[in-house]
Structures are given as structure tokens and as C-alpha cells.
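# Descriptive analysis of the structure
Spelled out from the first residue to the last, the chains are:
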Amino acid sequence: MWDEDPRAFGERFSLSLAEALRYRCTAEHLHEKCKGGADEERNIVAACDFCNRTRHLAKRPKDAASFAKYVQSRMKRGKWHPVRLERQRAPLR
Ligand SMILES: [Zn+2]
């Protein structure tokens, strides 16, 4: 993830700017704010923009512990994100 410079991040990992923008560091609420989750440190973790926006879109969203296991299992296989993100290509703006 990047926090300040998406272009430098993109160059480092050979990503277009559009791809790099998906890896912006965001504050993810483990228990969603819209469902009563607290805006407190213990309920917030760092997550890339893609994961933050998509984690809750599944038909059966994983709870935070299950999602962490899912991510760790993908990382062990060298697959950090779902394939749809890795395969999306967009030109530099
Ligand atoms: Zn992510």
C-alpha cells in the first residue's frame, strides 16, 4: 500500500497509475460504521482501497477474523488480491 505517492508506488511495482490507486492505504472499520461499528482505534485497521471497498460486497461478507485468514491463505499462494484486480489493466492517465 502507499500513503503519499501513487506514482512512485506504481513505478516500484510496475503498475499503471490507475492500478496503483487501488492500493491507497485506507482506514478499514472491522465492524462497519453503517452497522454501528465504533470509530475507535480498536475497530480500525489499515487496508488498501480495493479491499476496503469490496470486503463487504460479497453475498456473505466474511467477518474480520475470517477475512484475515482468507488474505493470509491467498498470500501464502502468492495471490494477495482476487484475480479480477490483478488482471484489470488500465492505461496511465
Ligand atoms: Zn487490499
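Everything that follows concerns the structure shown earlier in this document.
Residues numbered from 1 in each chain as written. Predicted model: local features only at pLDDT ≥ 70, side-chain atom pairs only at ≥ 80, totals over all residues. Heavy atoms only, no water.

### A short note on the overall build of the protein chain
Helix and strand counts for the protein chain come out as five helices and two strands. Listing every helix and strand of the protein chain by position from the N terminus yields α-α-β-β-α-α-α. The 93 residues of the protein chain split such that 33% are buried. When contacts within the protein chain are restricted to residue pairs at least 6 apart in sequence, long-range pairs at least 24 apart make up 45% of them. Counting every atom, the protein chain has about 6,900 Å² of accessible surface; 51% of that belongs to carbon and sulfur. (Helix = DSSP H or I, 4+ residues; strand = E, 2+ residues; numbered from the N terminus. Buried < 20%, exposed > 50% of the residue type's maximum accessible area, 1.4 Å probe, protein only. Contact = heavy atoms within 4.5 Å. Areas by Shrake-Rupley, 256 points an atom, 1.4 Å probe, with all protein chains shown as cover.)

### Looking at the packing of aromatic side chains
We describe a pair of aromatic rings using the distance from one ring centre to the other and the angle between the two ring planes. For the structure on display, the rule yields three aromatic pairs. Ring plane angle 50° and centroid distance 4.9 Å describe the contact between Phe-9 and Phe-13, whose orientation is recorded as tilted. For Phe-9, a relative accessible area of 12% puts it in the buried group. On the numbers, 5.8 Å between centres and 45° between planes, the contact of Phe-67 with Tyr-70 is tilted. A residue pair is termed a helical-turn pair when its members lie 3 or 4 positions apart in one helix, as Phe-67 and Tyr-70 do in helix 4 (residues 64-76) at three residues. Judged by its relative accessible area of 18%, Phe-67 is buried. Through a chain of ring-to-ring contacts, the aromatic side chains of Phe-9, Phe-13 and Tyr-23 assemble into a single cluster. Positioned over the ring face of Phe-67 is Arg-55, at 5.7 Å from the centre of the ring. Over the face of the ring belonging to Tyr-70 we find Lys-62, whose NZ or CZ atom lies 4.6 Å from the ring centre. (Phe/Tyr/Trp six-rings, centres within 6.5 Å; stacked < 30°, edge-to-face > 60°. Lys NZ or Arg CZ within 6 Å of the ring centre and 35° of its normal.)

### Re the pattern of salt bridges
By the definition in use, this model includes six salt bridges. We note a salt bridge from Arg-24 to Asp-49, for which the minimum N-O separation is 3.0 Å. On the criterion of sequence distance, the pair formed by Arg-24 in the loop between helix 2 (17-21) and strand 1 (25-29) and Asp-49 in helix 3 (residues 49-54) is long-range, its members being 25 residues apart. A salt bridge links Lys-35 to Glu-32; its shortest N-O distance comes to 3.5 Å. Relative accessible area serves as the criterion here: at 18%, Glu-32 is assigned to the buried category. Each member of the salt-bridge network shares a partner with another, and the members are Arg-24, Asp-49 and Arg-53. (Salt bridge = Lys/Arg side-chain N within 4 Å of Asp/Glu carboxyl O.)

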